[in-house]
Amino acid sequence: MSSLDLIQQYTQAAIAALPEPAQNLLGNSVAQKAAAIILALGLTRSVNRFFSKWTLQNWTTNQKWEPSRELILLTGGCSGIGKQVMEDLSRTGVRVVILDINKPDFKLPANVAFYQANITSSTDIAAVAATIRKEHGEPTVLVNNAGVGHDGTILEEPESKIRQTFEVNTLSHFLMVKEFLPAMIKANHGHVVTIASMASFVALGEMVDYCCSKASALAFHEGLRQELRYWYNAPNVRTSVIHPMWVRTPMIKVLTDNERHFRQPIMTPQVVSAAICGQILNQRSGQVILPSSQSAASLVRAMPTWMQEGVRAFASGALKKMRLAQQAEQNAR
Ligand SMILES: NC(=O)c1ccc[n+]([C@@H]2O[C@H](COP(=O)([O-])OP(=O)(O)OC[C@H]3O[C@@H](n4cnc5c(N)ncnc54)[C@H](O)[C@@H]3O)[C@@H](O)[C@H]2O)c1
């Protein structure tokens, strides 16, 4: 008996064991076609996931994650998402170095070191890099997390703040990678994690500079991948980009202070940190959109124009509504 006959025999036996209404449903040709479509879609999804995963890993496998061999360099580790990532990683026993323009107002775990630096200055970066190398060795994981966000329309926002947004959120990624990527390339081992935003995909009013800087951060991540693979021949250096929606941190204090007028979901830093640490500890390249229910955000630009405008208008509308309510409250005081 061939294996096909055997499968057919087992399938018929399994169907015969089902209750009668279920047997009738399975005998129905429309139900059979629907089941075939669902199976085909499931198979397509699995095949897509397989190819995406292995393409992102450049068809290479990882050495086992060995905390004592790794050194994580994390920018903006004194607040919000960065602070949470520092805490979560330090609990796994790996050494973490945080760079921040502000000093920590909390006690550092024993395996975490802090250095004060302005990551928009290549002079500051070079000086702190020399100290890090001397005291800890070469970082194997770089998390470009530090960021700023200012309120205001294009006409309202001062030039200095617009420039700072680009310098911290985009330009610093170039400066940090110039300093720390060569050692990763040489070892063909490492990971560059880019903290972008949902704003990489959807531009909103009152945060145009921020959205531009985060669209650039995504392009930086995508281009870096190409250079690692085709220019530097370092296929084992991993790259990840994380796109969170709103996260409860000091950066969005204006929103969290006015949450009663802002009806969009706000995640905790813990959720975002879990995703970032998952990429690092599993040495997995990838693009992570948070919350995962919003994964379709990356498709926005493939939508018909009227739908794209609808998405942007919906997101901008929530901000504008919050701002009007905030102003009305201030005027009433
Ligand atoms: N909070 C959100 O809603 C949200 C959403 C999506 C993406 N993000 C991104 O997540 C990252 C972390 O943001 P957060 O919400 O934790 O903000 P945060 O303000 O709590 O923390 C940012 C940290 O970056 C540091 N920093 C700023 N400029 C610096 C500089 N020039 N040099 C060194 N350090 C500097 C700050 O001192 C601070 O510790 C940012 O890249 C941000 O754009 C945040």
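Treat the numbers as computed from the prediction; the structure is a model and nothing was measured.

Observations concerning the overall build of the protein chain
Here comes step 1: Scanning the protein chain from N- to C-terminus turns up ten helices and seven strands.
Here comes step 2: Considering only C-alpha atoms, the protein chain reaches an extent of 75 × 60 × 40 Å along its principal axes.
Here comes step 3: Within the protein chain, the fraction of its 333 residues that count as buried is 32%.
Here comes step 4: Pairs at least 24 apart in sequence give 66% of the contacts found in the protein chain among residues at least 6 apart.

Here we look at the site of the ligand
Here comes step 1: Looking at the ligand, there are 29 residues lining it, with G76, S79, G80, G147 and T249 nearest.
Here comes step 2: Elements represented by at least two residues in the shell around the ligand include exactly α4 (80-91) and β2 (95-100).
Here comes step 3: Ranked by residues supplied to the shell around the ligand, first place goes to α4 with three residues.
Here comes step 4: Looking at side-chain class alone, the shell around the ligand contains 15 nonpolar, 13 polar and one charged residues.

Thoughts on the domain arrangement of the protein chain
Here comes step 1: When the domains of the protein chain are assigned, the result is domain 1 (3-56) and domain 2 (67-317).
Here comes step 2: With centres defined by C-alpha atoms, the gap from domain 1 to domain 2 works out at 42 Å.

Focus on unusual backbone geometry
Here comes step 1: Residue P291 follows L290 across a cis peptide bond; omega there is -5 degrees.
Here comes step 2: Structurally, P291 is set in the loop between β7 (286-290) and α10 (305-332).
Here comes step 3: Positive phi values are uncommon outside glycine, yet N58 reaches one of about 55 degrees.
Here comes step 4: A tally of 16 C-beta atoms within 10 Å means that N58 is categorised as partly exposed.
Here comes step 5: The backbone of N188 sits at a positive phi, close to 45 degrees, despite the residue not being glycine.
Here comes step 6: For N188, the position within the fold is in the loop between α6 (159-187) and β5 (190-195).
Here comes step 7: Since 14 C-beta atoms lie within 10 Å of it, N188 is described here as partly exposed.

Regarding the environment of S68
Here comes step 1: Along the chain, S68 turns up in the loop between α3 (29-56) and β1 (71-75).
Here comes step 2: C-beta crowding within 10 Å serves as the criterion here: with 8 such atoms nearby, S68 is assigned to the exposed category.
Here comes step 3: A sequence separation of 27 residues divides S68 from R95, and the C-alpha atoms of the two residues are 7.5 Å apart.

Re the pairing of β1
Here comes step 1: Counting buried positions along β1 gives five out of five residues, so the element sits mostly inside the fold.
Here comes step 2: Residues of β1 alternate between two faces, with L71, L73 and T75 on one and I72 and L74 on the opposite face, all of them buried.
Here comes step 3: In terms of strand pairing, β1 meets β2 through five bridges, oriented parallel. Of the residues in β2, the one forming a bridge with L74 is I98.
Here comes step 4: In terms of handedness, the path from β1 via α4 over to β2 forms a crossover that is right-handed.
Here comes step 5: Across three bridges, β1 lies against strand β4 (residues 141-144) in parallel orientation. Following the sheet pairing, L73 is matched in β4 by L142.

Regarding the sheet that holds strand β3 (residues 112-116)
Here comes step 1: One open sheet accounts for seven strands, arranged β3-β2-β1-β4-β5-β6-β7; its pairing is parallel. Looking at strand neighbours, the two that pair on one side only are β3 and β7, the edges of this open sheet. Averaged over all pairs of adjacent strands, the angle between strand axes in this sheet comes to 15 degrees, irrespective of strand direction.
Here comes step 2: Its contacts with the sheet put helix α9 (residues 269-281) on β1, β4, β5, β6 (237-244) and β7, and the angle it makes with β7 is roughly 170 degrees.

Some points on the packing of α6 against helix α7 (residues 208-231)
Here comes step 1: The interhelical angle for the contact between α6 and α7, taken along N-to-C directions, is 15 degrees, at an axis separation of 8 Å. In terms of orientation, α6 lies roughly parallel with respect to α7. Seen along the crossing, α6 lies across α7 with a hand that is right-handed. Side by side, α6 and α7 meet where I162, T165, F166, N169, T170, H173 and V177 of the first sit next to D209, Y210, S213, K214, S216, A217, F220 and L224 of the second.
Here comes step 2: Within the contact of α6 with α7, the residues separate by chemical class into seven nonpolar, six polar and two charged.

Points about helix α1 (residues 3-16)
An α-helix turns once per 3.6 residues; consequently, residues spaced three or four apart project the same way.
Here comes step 1: Taking 1.5 Å as the rise per residue, α1 with 14 residues should run 20 Å; its terminal C-alpha atoms sit 20 Å apart, in good agreement.
Here comes step 2: Burial within α1 is sparse, with just zero of its 14 residues counted as buried.

Notes on the nonpolar core
Here comes step 1: Grouped together as the largest cluster of nonpolar side chains are 62 residues, with contacts concentrated most on I72, L73, V96, V193 and I276.
Here comes step 2: Among the elements that take part in this core, α7 stands out by supplying six residues, more than any other.
Here comes step 3: Apart from residues no more than four positions distant in its own chain, I276 is found in contact with V85, V143, V193 and I242.

So, how was this worked out
- The residue numbers shown here count from 1 along each chain, following its written sequence.
- The predicted nature of this model means local features are confined to residues of pLDDT at least 70 and side-chain atom pairs, given and counted, to a pLDDT of 80 or more, with totals for whole chains, interfaces and linings taken over all residues.
- Only DSSP runs of H or I reaching four residues or more are called helices, and only runs of E reaching two or more are called strands; each is numbered from the N terminus.
- Exposed residues have 12 or fewer other C-beta atoms within 10 Å of their own C-beta, buried residues have 20 or more, and residues in between are partly exposed; the C-beta atoms are placed from the backbone.
- Contacts are defined on C-beta atoms placed from the backbone: any two residues whose C-beta positions lie within 7 Å are in contact.
- Think of it this way: take the backbone, place a C-beta atom on it, and check whether that atom is within 6 Å of the molecule or strand, in which case the residue is near it.
- Residues are grouped as follows: nonpolar covers Ala, Val, Leu, Ile, Met, Phe, Trp, Tyr, Cys and Pro; charged covers Asp, Glu, Lys and Arg; every other residue, Gly included, is treated as polar.
- For the domain bounds, the source is a domain assignment made automatically or taken from a database.
- At least two DSSP bridges between two strands are required for those strands to pair.
- Here a crossover is taken to be right-handed if, once the strands point away from the viewer, the path from the first strand over the helix to the second is traced clockwise.
- In this analysis, axes come from line fits to C-alpha atoms, helices being fitted only over the stretch in contact, and the angle between any two N-to-C directions falls in the range 0 to 180 degrees.
- Orientation labels follow simple angle bins: below 35 degrees gives roughly parallel, above 145 gives roughly antiparallel, 65 to 115 gives roughly perpendicular, and whatever is left gives oblique.
- Two helices cross in a left-handed way if the nearer one is turned anticlockwise from the farther one by less than a right angle. They cross in a right-handed way if the turn is clockwise.
- To estimate the expected span of a helix, count its residues, drop one, and scale the result by 1.5 Å.
- The term nonpolar core means buried Ala, Val, Leu, Ile, Met, Phe, Trp, Tyr and Cys residues held together as one set by C-beta atoms within 7 Å.

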